[in-house]
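What follows is the residue order along each chain.
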Amino acid sequence: MSAGEQRAGVELTNLDQPLSPDAGATKRDLVDYLDAVADRMLPGLAGRPLTVLRVLRGRAPFMQKNVPKYTPEWVRTVSIWAEASHREVHYPVCDDRRTLLWFANQRAVEYHPALGLADNIYRPTHLVLDLDPPTGADFAAVVTAAHLVRQALADCGLAGSVKTSGAKGIHVFVPIDHSCPVDDVAAATRALAARAEEIDPAAATTAFIVEDRAGKVYIDSTRAGGATVAAPYSPRLRPGTPVSFPLDWSDLDRVQPADFTVHTAIDALSGRDPWAESMVTPQRLPDDLIAQGRTIPVARVAAMHEGKRRARARRAQEN
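Residues numbered from 1 in each chain as written. Predicted model: local features only at pLDDT ≥ 70, side-chain atom pairs only at ≥ 80, totals over all residues. Heavy atoms only, no water.

Undergrad: Sorry if this is basic, but what is going on with the overall build of the chain here?
TA: Regarding its fold elements, the chain presents eight helices and 15 strands. For a compact globule of 319 residues, the expected C-alpha radius of gyration is about 20 Å, and the chain comes in at 20 Å, within 12% of that figure. With the principal axes as the frame, the chain shows a C-alpha extent of 65 × 45 × 40 Å. With 319 residues in all, the chain has 53% of them scored as buried. Counting contacts in the chain only where the partners sit at least 6 residues apart, residues at least 24 apart contribute 71% of the total. Surface exposure of the chain reaches about 14,700 Å², of which carbon and sulfur atoms provide 51%. (Helix = DSSP H or I, 4+ residues; strand = E, 2+ residues; numbered from the N terminus. Rg over C-alpha atoms; globule rule 2.2 N^0.38 Å. Buried < 20%, exposed > 50% of the residue type's maximum accessible area, 1.4 Å probe, protein only. Contact = heavy atoms within 4.5 Å. Areas by Shrake-Rupley, 256 points an atom, 1.4 Å probe, with all protein chains shown as cover.)

Undergrad: Any chance you could explain the sheet that holds strand 12 (residues 170-175) here in plain terms?
TA: Through backbone hydrogen bonds, the strands of a sheet pair up, either in parallel or in antiparallel fashion. With mixed pairing, the six strands of this open sheet are ordered in space as 13-14-10-12-11-15. The outermost strands of the open sheet, each flanked by one partner alone, are strand 13 (204-205) and strand 15 (246-247). Pairing between strand 10 (residues 126-132) and strand 14 (residues 217-220): three bridges, direction antiparallel. Bridging from a neighbouring strand, Asp130 pairs with Asp220 of strand 14. Together, strand 10, strand 13 and strand 14 form the strand contacts of helix 4 (residues 182-199), whose direction differs from that of strand 10 by roughly 40°. (Pairing = 2+ DSSP bridges. Axes fitted to C-alpha atoms, helices over the stretch in contact; angles between N-to-C directions.)

Undergrad: So what exactly am I meant to see when it comes to the pattern of salt bridges here?
TA: Pairs can form between side chains of opposite charge whenever their charged atoms are close. Under the defined criterion, the tally for this structure stands at 16 salt bridges. Asp32 is paired through a salt bridge with Arg7; the nearest N and O atoms lie 2.5 Å apart. Taken together, the residues span a long stretch of sequence, with Asp32 in helix 1 (residues 27-45) and Arg7 in strand 1 (residues 5-7) at a distance of 25 residues. For Asp32, a relative accessible area of 32% corresponds to the partly exposed category. Of the residues examined, Arg7 reaches a relative accessible area of 16% and is grouped as buried. The shortest N-O distance in the salt bridge between Arg272 and Glu277 comes to 2.6 Å. Ionic contacts of the salt-bridge type, sharing partners, join the residues Glu5, Arg7, Asp16, Arg28, Asp32, Asp35 and Arg97 into one network. (Salt bridge = Lys/Arg side-chain N within 4 Å of Asp/Glu carboxyl O.)

Undergrad: Just checking my understanding: could you explain the packing of helix 4 against helix 7 (residues 287-294) for this structure?
TA: Running from N to C, helix 4 and helix 7 point in directions that differ by 85°, and their axes come no closer than 7 Å. The angle between the axes of helix 4 and helix 7 places the two elements in the roughly perpendicular class. Residue-level inspection shows Asp184, Ala187, Ala188, Arg190, Ala191, Leu192, Ala194, Arg195 and Glu198 of helix 4 in contact with helix 7, the latter providing Asp288, Leu289, Ile290, Gln292, Gly293 and Arg294. Split into classes, the residues belonging to the contact of helix 4 with helix 7 amount to seven nonpolar, two polar and six charged. (Parallel < 35°, antiparallel > 145°, perpendicular 65-115°, else oblique. Nonpolar A, V, L, I, M, F, W, Y, C, P; charged D, E, K, R; others polar.)

Undergrad: Help me understand the environment of Arg48 in this model?
TA: Topologically, Arg48 is positioned in the loop between helix 1 and strand 3 (50-54). On the basis of relative accessible area, Arg48 is assigned to the buried category, the value being 10%. Separated by 229 residues in sequence, Arg48 and Glu277 place their C-alpha atoms 21 Å apart. In this structure, Arg48 is in contact with Pro92, Val93, Pro113, Ala114, Leu115, Gly116, Leu117, Ala118, Thr125 and His126, ignoring residues within four places of it in sequence.

Undergrad: What am I meant to see in the sheet that holds strand 7 (residues 108-113) here?
TA: Spatially, 4-3-7 is the arrangement adopted by the three strands of the open sheet, whose pairing is antiparallel. Because the sheet does not close on itself, it has two edges, and the strands there are strand 4 (62-64) and strand 7. Looking at each pair of strands side by side, their axes are set apart by 25° on average, direction ignored. Alignment of strand 3 against strand 7, held across five bridges, turns out to be antiparallel. The partner of Thr51 across the bridge, within strand 7, is His112. This element, helix 2 (residues 97-105), spans strand 3 and strand 7 of the sheet and lies at about 130° to strand 7.

Undergrad: How should the pairing of strand 12 be read in this particular structure?
TA: Consecutive side chains of a regular strand alternate in pointing toward one face of the sheet and then the other. Taking burial as the measure, the six residues of strand 12 include six buried ones, the bulk of the element. Side chains of strand 12 alternate between two faces, with Ile170, Val172 and Val174 and His171, Phe173 and Pro175 buried alike. Here strand 10 runs beside strand 12; their pairing, made up of six bridges, is antiparallel. Within strand 12, the residue paired with Val128 across the bridge is Phe173. As judged from the four bridges shared by strand 11 (residues 161-164) and strand 12, these two strands associate in the antiparallel manner. Across the sheet, residue Ser161 finds its bridge partner in strand 12, namely Phe173.

Everything listed is a geometric property; what it means functionally is a separate question.
Structure, rendered in structure tokens:
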């Protein structure tokens, strides 16, 4: 173990080791970036069950929900029953700089908080649409789809904030009040995706099955319930170690996701906190939006049934 240093009472070690062969960044770069952006990043993590992506030497990257046994007692945790896996998950909650630096020292590169708070992980505080480009598409295609989403929001009196995903896509966050149960939030998300697709069906699609997307940008409306999403300012384990970077809507046409990395993002912020500046107060979801969404099948369920139907059709042809 190489000699380290301390910050906020956290012992930092092996700081000069690369994060991965193509990261273009060391563990020190990760720690320095997260420390510099902590005041901006922590509001998106605080109070939320957290999943991190860690990359340890000699191991494949892995997503971690349960805190390891050696987690310090000062790291806040919350126990939540996971119905899918029939077990209790002991999530960390990153409320302060000390905890964030401890995670950085654990080589936690990506930070994926729940959309709900620890007291009700299944009640999202934001409606989220994730825009995913087809293979080979340039960023301009995703920007076009993002503007469709913005128009769909404006048409029903809503506003949202936008950020790069840190990979090739875009996330649109719409802060919402507590007037709707989670099923209604999920319904409204489906309806917004459908309305954006209707504005320009040649540019965007809500097709869950990849082969049905026909080279269009996918508007993912499945981020509801207990879902997570990469936090604003979170690094991503990609070549060059880009970060999920908040933007003004007017800047989307002038940037590329690779413009914002652990090396460049702080300078690009120029002392601002664009995520906090752009976030409007929580909004009430319109009744007609929810009503429309209730008529749209849940994507994964619809895809499962469609997959079974196609399998039956193939077997019938083969016979």
